[in-house]
Amino acid sequence: MGVVLSSRSQLPPGLWGVVTAVQANFYRVQLGGQPCPGESGLPPLLCTRRARLKKIGQQVMVGDWVEVVDPDWEGQRGAISAVHPRQTMLDRPAIANVDQILLVFALAEPGLDPWQLSRFLVKAESTGLDVGICLNKQDLVAPETVNRWQLRLQQWGYSPLVLSLHPPPQQTPLVAYLQGKTTVICGPSGVGKSSLINHLIPRAKLRTGAVSGRLGRGRHTTRHVELLELEPEGFLADTPGFNQPDLTLPPEELAFCFPEVRQYFQNHNLCQFSNCLHRDEPGCALGTTWDRYPFYVALLTELITIRDSPQRRQPGEVALKTKTKPMGTTHQEPLLEPKKHRRLSRRRQNQDLADHLDDLSRS
Ligand SMILES: Nc1nc2c(ncn2[C@@H]2O[C@H](COP(=O)(O)OP(=O)(O)O)[C@@H](O)[C@H]2O)c(=O)[nH]1
Ligand SMILES: [Mg+2]
Ligand SMILES: [Zn+2]
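Residues numbered from 1 in each chain as written. Chains lettered and ligands numbered in written order. Predicted model: local features only at pLDDT ≥ 70, side-chain atom pairs only at ≥ 80, totals over all residues. Heavy atoms only, no water.

(A) Structural view of the overall build of the protein. Looking only at helices and strands, one finds eight helices and 13 strands in the protein. The buried share of the protein, reckoned over its 363 residues, is 49%. Sequence-distant contacts in the protein: of pairs separated by 6 or more residues, those separated by 24 or more amount to 71%. Accessible surface for the protein amounts to roughly 18,300 Å². Of this, 51% is attributable to carbon and sulfur atoms. (Helix = DSSP H or I, 4+ residues; strand = E, 2+ residues; numbered from the N terminus. Buried < 20%, exposed > 50% of the residue type's maximum accessible area, 1.4 Å probe, protein only. Contact = heavy atoms within 4.5 Å. Areas by Shrake-Rupley, 256 points an atom, 1.4 Å probe, with all protein chains shown as cover.)

(B) Local environment of the sheet that holds strand 13 (residues 235-238). Strand order in this open sheet of six strands is 10-9-8-11-13-12, and the pairing throughout is mixed. Strands at the two margins of the open sheet, each flanked by one partner only, are strand 10 (161-162) and strand 12 (228-229). As paired elements, strand 8 (residues 100-106) and strand 11 (residues 182-186) share four bridges and run parallel to each other. Bridge pairing in strand 11 links Gln100 to Thr183. Sitting on the sheet, helix 2 (residues 114-125) touches strand 8 and strand 9 (130-136), and the angle it makes with strand 8 is about 170 degrees. Sheet strands in contact with helix 5 (residues 193-200) are strand 8, strand 11, strand 12 and strand 13, and its direction is about 155 degrees off that of strand 13. (Pairing = 2+ DSSP bridges. Axes fitted to C-alpha atoms, helices over the stretch in contact; angles between N-to-C directions.)

(C) Structural detail: the pairing of strand 11. Counting buried positions along strand 11 yields five of five residues, so the element is predominantly enclosed. Every second residue of strand 11 is oriented toward a common face, with Thr182, Val184 and Cys186 on one face and Thr183 and Ile185 on the other, all of them buried. Strand direction decides the pairing type here: strand 11 and strand 13, joined by four bridges, are parallel. Counterpart to Ile185 in the pairing with strand 13 is Asp238.

(D) Representation of the site of ligand 1 in the model. Neighbouring residues of ligand 1: 17 residues in total, closest Asp139, Leu165, Gly190, Ser195 and Gly209. Contact distances for ligand 1 include 2.7 Å between an oxygen atom and a backbone N or O atom of Gly190. Between ligand 1 and Gly209 there is a distance of 2.8 Å, counted from an oxygen atom to a backbone nitrogen or oxygen. Burial of ligand 1 by the protein chains amounts to 81% of its free accessible area of 580 Å². Sort the elements by how many residues they give to the shell around ligand 1 and helix 5 lands first, with three residues. For the shell around ligand 1, the class distribution of residues is four nonpolar, 10 polar and three charged. (Near = heavy atom within 4 Å. Polar contact = N/O pair within 3.5 Å; in protein donor to acceptor, adjacent residues only side chain to side chain. Nonpolar A, V, L, I, M, F, W, Y, C, P; charged D, E, K, R; others polar.)

(E) View of the side chain of Arg292. Mapped onto the fold, Arg292 is located in the loop between helix 6 (259-267) and helix 7 (293-308). The contact partners of Arg292, leaving out residues within four places of it in the chain, are Ser118, Leu121, Trp156, Tyr158, Phe258, Pro259 and Glu260.

(F) The packing of helix 2 against helix 7, seen in detail. Interaxial distance between helix 2 and helix 7 falls to 11 Å at its minimum, and their mutual angle equals 55 degrees. Compared by their axis directions, helix 2 and helix 7 come out oblique. Relative to helix 7, the crossing made by helix 2 is right-handed. Touching Pro114, Trp115, Ser118, Arg119 and Val122 of helix 2 are Phe295, Ala298, Leu299 and Glu302, all from helix 7. In the contact of helix 2 with helix 7, the residues fall into six nonpolar, one polar and two charged. (Parallel < 35°, antiparallel > 145°, perpendicular 65-115°, else oblique. Left-handed = near helix turned anticlockwise from the far one by under 90°.)

(G) The nonpolar core, seen in detail. In terms of nonpolar packing, the biggest core is built from 37 residues, with Ile95, Leu107, Leu121 and Leu135 touching the most fellow members. The set of elements that each furnish at least two residues to this core consists of strand 1 (16-23), strand 8, helix 2, strand 9, helix 3 (143-155), strand 11 and strand 13. Looking at this core, the element that brings in the most residues is helix 2, giving four residues. Here this core spans two domains, since at least three of its residues come from each of domain 1 (1-85) and domain 2 (95-238). The next biggest cluster of nonpolar side chains, apart from the first, holds 21 residues, and it includes Phe258, Leu277, Cys284 and Leu286. (Core = buried A, V, L, I, M, F, W, Y, C linked by side-chain atoms within 4.5 Å. Domains from an automatic or database assignment.)

(H) Structural view of helix 3. Taking 1.5 Å per residue as the helical rise, helix 3 with its 13 residues ought to reach 18 Å, and the 19 Å between its terminal C-alpha atoms agrees with that figure. For helix 3, the full list of buried residues reads Thr145, Val146, Trp149 and Leu153. Down the axis of helix 3, the buried side of the element spans an arc of 100 degrees, and every buried residue falls inside it. Looking at helix 3, the residues exposed on the side facing more than 90 degrees away from the buried face are Pro143, Glu144, Arg148, Leu151 and Gln155. Contact partners of the buried residues in helix 3: helix 2, strand 9 and strand 10. Downstream of helix 3 by one or two residues, Gly157 has phi in the positive range, about 100 degrees. (Expected span 1.5 Å × (residues − 1). Arc of directions from axis to C-beta.)

(I) Examining helix 7 more closely. Its 16 residues give helix 7 an end-to-end C-alpha distance of 22 Å, which sits within 8% of 22 Å, the value for a rise of 1.5 Å per residue. Taken together, the buried positions of helix 7 are Tyr293, Phe295, Tyr296, Leu299, Leu300, Leu303 and Ile304. The buried residues of helix 7 all sit within an arc of 165 degrees when viewed along its axis, so they share a single face. Across helix 7 from its buried face, at more than 90 degrees, point the exposed residues Pro294, Thr305 and Asp308.

(J) Quick peek at the coordination of the zinc ion (ligand 3). Taken together, the protein ligands of the zinc ion (ligand 3) are Cys271 (SG), Cys276 (SG), His278 (ND1) and Cys284 (SG), with distances of 2.2 to 2.3 Å. Note that the zinc ion (ligand 3) binds four donor atoms; their angles at the metal cover 97 to 114 degrees, and the shape is tetrahedral. Between consecutive donor residues of the zinc ion (ligand 3), the sequence gaps follow C-x4-C-x1-H-x5-C. Here His278 and Cys284 have matching classes, each one buried. (Donors = N, O, S within 2.8 Å, 3.2 Å for Na, K, Ca; no water. Tetrahedral: all angles 85-135°; square planar, octahedral: opposite > 155°, others 65-115°.)

Structure representation (structure tokens):
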């Protein structure tokens, strides 16, 4: 049932679950991880937040592990009384306890651009989470093209999973990669992210292909972030396709977002100066002959410009951030950006709630 609690945390006794969607003041909670009536196959509960949590300012976000009290099994309702400390926290999409980021790119249509891929990779690496790459639409290119990309990405420190969804595969190597984890799926539009999620989770029924309808959004096109449950264990989150993620990390951290650089420094002496930015400075141990050096320099220049410009960030750009930095860098914890509270009309709220109840009855 998608619940990954038991395998990775010692939760206090009680009824615990994962928040899979948040809307207005309601939280959809998938229970599990602890013995509870009905065991597996429990329906998600639509929960409110206990007043005490509101009073202490405890936010509840998608991905949070929460304690549920007063379950009403018939009405599929409950109340959240506690939130387990978050292990990680991504910002935009706002999701707690994400384990890894899977970047999906297409080998063709749209063509694979190493520069765009590197930008996404750096963005994903800057969260400190594990990063994986899936290359889709294998059916559209020659085997030599696939080989060339595989070798190149291996040089960069990645082991891409190559895939085609046309025709749908019997088995995808991704299943093992995703099991038991909470994974955020990112990548440019049109590469097959929604198709992939639909393949893995048929009942997700995400809209694919050309976006249609008012505002170009389908009902499930991730206006609200949502965790979709993988069988038997794990969660996926789709992110809206964005083609150019913004970068906001400090310039001196950029090099650590390149796995080939991290690997290099594991086996070689450090640069002469500890604040070396690896742009051909005297005594730089890294040098300029590595494949992605031109991308590194271009991104570095961009980050320095951002750092030195008074207006730091364009509003409305997608940003991925996390609070934990496993690489031991000195990065301070970025906080969730203050939410701009959009007032939802009563009608809109009711519609959203109806959608939720609909989702509950579907699942
Ligand atoms: N040829 C081919 N087309 C694919 C494959 N996967 C997805 N597509 C098509 O690519 C288009 C975009 O897919 P979609 O899942 O909406 O991409 P998203 O924008 O990343 O969510 C759709 O028309 C899909 O049918 C594939 O493996 N091979
Ligand atoms: Mg999509
Ligand atoms: Zn250097």
